[in-house]
Amino acid sequence: AEPGKDAAGSLPRILVLATGGTIAGQADPRATGAYKSGQITGEQLMASVPGLDKLAKLNAEQISSIGSQDMNDKVWFALARRIQDAFDKNEADGVIITHGTDTLEETAFFLDNVVRGDKPVVIVGSMRPASAVSADGPGNLYEAVQVAADPRSRGRGVMAVLNDKIQGARSVTKTNTTSIETFGSPNDGPIGYVDTAGGIRFLTQAGGFKRATYQLPAGEQLPRVEIVYSHANMDAVPIEDAISHGAKGIVLAGVGDGNTSKSALDALEAAAKKGILVVRSTRVRSGFVTRNVEVDDDKNGFVVSEDLNPQKARVLTQLLIASGVTAPAELQKAFTATW
Ligand SMILES: NC(=O)CC[C@H](N)C(=O)O
């Protein structure tokens, strides 16, 4: 069969779940340079991109209309359940999520850890609103459909598609506040490229690292996990604050290789003794956090985030706490990607 089409020649069925963000944003005519996220629906978005109907049979549903700075557990759970249902009932061959770019990487990583199956899930956004000169949304959406509709995209987990690059949920991160060239994978680069003329070029095999799939916890909320950002002159106050507000886990956005001051370390050690899960990540953009280098993780009962940045380490910490995992070796293993 031709790529993207099954043996009978029918187009792949793509479910588009719209959540809001700049891709659905419009300029506010009263203020130059200002615009509002999430003003147009997924349906309207797709209608604005010529040629999509030749790539796939698209069906859009509106899950929310929010800027992704307001992304929350409720929308995450709704997305995860809808995607799983569509796959389990064979209603769709792939899913596209339209999303704001601010927390796109967190939603991608959350879904990568909870959705079962090998059908493609693509998350897409844009940096410029639909009404801007050279809006990047329509091109990104077209490329997202190309990727979601292609059988070679199976078994690759959740992928972010923006600005001609296909990036894995574990690696992808926003690197520039305003440029359209913002999403990068600092540790391992994109998993592929896509453009309207050349199609898709994957640089990696499908499959990738082994992933556990976590169950969604009952209720509409993940456990409270705080990120504490380290810096010069760091004291214990932010850690004590997190504990007094009921944090079940603390992710350290450490300096360097996940380091922090003596007083902050002492507070983290005390937190771990109380049963709070302490994960050392880093404020540094790239690299891995390594166990037992300057900090005695074995003695303190800490876990290191490896290559996961603080905001993704937070999501995994939440899922692990919700799953009742407490054994240190098992916790550490969950953070380490093995191929
Ligand atoms: N470029 C964007 O998508 C940013 C808009 C908004 N802050 C959001 O994340 O939804």
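All values reported here derive from a predicted model rather than from experimental measurement.

With that settled, consider the sheet that holds strand E8 (residues 165-168). Strand order across the open sheet formed by eight strands is E4-E1-E5-E6-E7-E8-E11-E12, with mixed pairing between neighbours. Looking at strand neighbours, the two that pair on one side only are strand E4 (57-62) and strand E12 (199-202), the edges of this open sheet. Strand-to-strand twist in this sheet, taken as the mean axis angle between neighbours without regard to direction, amounts to 25 degrees. Here strand E5 (residues 94-98) runs beside strand E6 (residues 121-124); their pairing, made up of four bridges, is parallel. Bridged to threonine 98 within E6 is valine 124. Along the sheet, helix H5 (residues 137-148) contacts strand E1 (13-18), E4, E5, E6, strand E7 (158-162), E8, strand E11 (192-195) and E12; its crossing angle with E5, the most-contacted strand, is approximately 160 degrees.

Here we take up the UniProt feature "binding site: substrate" (unreviewed entry) in the protein chain. UniProt's entry tags Ser68, Thr101 and Asp102 with the feature "binding site: substrate" (unreviewed entry), counted in the numbering of this structure. A compact arrangement is adopted by the annotated residues: their sequence extent is 35 residues, whereas the largest C-alpha distance between any two is 6.7 Å. For serine 68, the location among the structural elements is in the loop between E4 and helix H3 (73-88). Look at serine 68 and you get buried, because its relative accessible area is 2%. With residues up to four places along the chain from it excluded, the contact list for serine 68 reads His99, Gly100, Thr101, Asp102, Thr103 and Leu104. With respect to the helices and strands, threonine 101 occurs in the loop between E5 and helix H4 (104-114). Not counting residues within four places of it along the chain, the set of residues in contact with threonine 101 comprises Ser68, Gly125, Ser126, Met127, Leu162, Lys174 and Phe183.

Attention shifts here to H3. It helps to recall that an α-helix has 3.6 residues per turn; residues three or four apart then point in one direction. With 16 residues, H3 extends 22 Å between its outermost C-alpha atoms, agreeing within 8% with the 22 Å of an ideal straight helix rising 1.5 Å per residue. Every buried residue of H3 is listed here: Asp73, Val75, Trp76, Phe77, Leu79, Ala80, Arg82, Ile83, Gln84, Ala86 and Phe87. Buried residues along H3 sit against E1, E4, E5, H4, E6 and helix H9 (310-322). Sitting at the amino-terminal end of H3 is asparagine 72, which places a side-chain oxygen 3.0 Å from the backbone nitrogen of lysine 74. Just downstream of H3, asparagine 90 is the residue with a positive phi angle, here 50 degrees.

The next thing to look at is the packing of H9 against helix H10 (residues 328-335). Each pair of packed helices can be summarised by the angle the axes make with each other and by the distance between the axes. Where H9 meets H10, the axes come as close as 11 Å, and the angle between the chain directions of the two elements is 140 degrees. Of the possible angle classes, the one that applies to H9 and H10 is oblique. In this structure, H9 crosses over H10, and the sense of that crossing is right-handed. Counting all contacts with H9, which are made through Ala313, Leu316, Thr317 and Leu320, the residues of H10 involved are Leu331, Ala334 and Phe335.

It is worth spelling out the site of the ligand at this point. All residues adjacent to the ligand are Gly21, Thr22, Tyr35, Ser37, Gly67, Ser68, Gln69, Gly100, Thr101, Asp102, Ser126 and Met127. At 2.6 Å, a side-chain N or O of aspartate 102 approaches a nitrogen atom of the ligand. At 3.0 Å, a backbone N or O of serine 126 approaches a nitrogen atom of the ligand. Contact with the protein chains covers 92% of the free accessible surface of the ligand, which is 290 Å². When the residues that make up the shell around the ligand are grouped by side-chain class, the tally is two nonpolar, nine polar and one charged.

What counts, and where the lines are drawn
Residues numbered from 1 in each chain as written. Predicted model: local features only at pLDDT ≥ 70, side-chain atom pairs only at ≥ 80, totals over all residues. Heavy atoms only, no water. Pairing = 2+ DSSP bridges. Helix = DSSP H or I, 4+ residues; strand = E, 2+ residues; numbered from the N terminus. Axes fitted to C-alpha atoms, helices over the stretch in contact; angles between N-to-C directions. Contact = heavy atoms within 4.5 Å. UniProt positions renumbered as here; feature names shortened; annotations may be inferred. Buried < 20%, exposed > 50% of the residue type's maximum accessible area, 1.4 Å probe, protein only. Expected span 1.5 Å × (residues − 1). Polar contact = N/O pair within 3.5 Å; in protein donor to acceptor, adjacent residues only side chain to side chain. Parallel < 35°, antiparallel > 145°, perpendicular 65-115°, else oblique. Left-handed = near helix turned anticlockwise from the far one by under 90°. Near = heavy atom within 4 Å. Areas by Shrake-Rupley, 256 points an atom, 1.4 Å probe, with all protein chains shown as cover. Nonpolar A, V, L, I, M, F, W, Y, C, P; charged D, E, K, R; others polar.

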